[in-house]
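Listed here are the chains, written in short residue letters.
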Amino acid sequence: MNAALPRFLKSAYRKEPLPAFLITIGVVNAVIGGFGDRWSLFAIGLGTVGVAIALRWWIISQKRQPEAPQPVAQHYLPYHSSNSELPPLSAPKQRRRRE
């Protein structure tokens, strides 16, 4: 078995699990119906694959719609002050030694 096929299947199932699952079901039904001369099962399988492909196309088209650009907020004051921090108001108290 080709090493790229399992990687492709894993990525397809992670991105869109429902369409990938429907495609798998449809392909299995079509193969069983084609080899067993059950044309109704073959037709159902092909129909399922078609619905899954249409669903996948619809999901991808929903993701690609460009969003309207967000307006940039204008800030009237800078994020940080240009002045350094203010010095403390009182000096720390120091103990006087008794002599």
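Residues numbered from 1 in each chain as written. Predicted model: local features only at pLDDT ≥ 70, side-chain atom pairs only at ≥ 80, totals over all residues. Heavy atoms only, no water.

1. Let's talk about a nonpolar patch on the surface
Then, in step 1: A contiguous nonpolar patch, built from Tyr13, Phe21 and Ile25 and spanning about 260 Å² of accessible area, is present on the exposed surface.
Then, in step 2: Looking at the element boundaries, tyrosine 13 is found in helix α1 (residues 4-15). (Patch = residues over 30% accessible without salt bridge, like charges linked within 9 Å, V, L, I, M, F, W, Y side chains within 5 Å. Areas by Shrake-Rupley, 256 points an atom, 1.4 Å probe, with all protein chains shown as cover. Salt bridge = Lys/Arg side-chain N within 4 Å of Asp/Glu carboxyl O. Helix = DSSP H or I, 4+ residues; strand = E, 2+ residues; numbered from the N terminus.)

2. A closer look at helix α2 (residues 17-35)
Then, in step 1: Between the first and last C-alpha of α2 there are 27 Å, a value that for 19 residues agrees with the 27 Å anticipated at 1.5 Å per step.
Then, in step 2: Along α2, the positions that sit buried rather than exposed are Pro19, Ala20, Gly26, Asn29, Ala30 and Gly33.
Then, in step 3: Downstream of α2 by a residue or two, aspartate 37 has a phi angle that is positive, lying close to 55 degrees. (Expected span 1.5 Å × (residues − 1). Buried < 20%, exposed > 50% of the residue type's maximum accessible area, 1.4 Å probe, protein only.)

3. A few points about the side chain of asparagine 29
Then, in step 1: Position of asparagine 29 relative to the elements: it lies in helix α2.
Then, in step 2: The exposure class of asparagine 29 is buried, given its relative accessible area of 19%.
Then, in step 3: Not counting residues up to four positions away in its chain, the partners in contact with asparagine 29 are Leu41, Phe42 and Gly45. (Contact = heavy atoms within 4.5 Å.)

4. Notes on the environment of threonine 48
Then, in step 1: Residue placement: threonine 48 occurs in helix α3 (residues 39-63).
Then, in step 2: Sequence separation between threonine 48 and valine 27 is 21 residues, and the spatial gap between their C-alpha atoms is 8.2 Å.
Then, in step 3: Setting aside residues no more than four positions away along its own chain, threonine 48 makes contact with Leu22 and Gly26.

5. What to know about unusual backbone geometry
Trans peptide bonds make up the majority, and among non-glycine residues the majority have a negative phi.
Then, in step 1: One non-glycine residue, aspartate 37, adopts positive backbone phi at about 55 degrees.
Then, in step 2: Judged by relative accessible area, which is 55%, aspartate 37 ranks as exposed.

The quantities given are spatial measurements derived from coordinates; they are silent on function.
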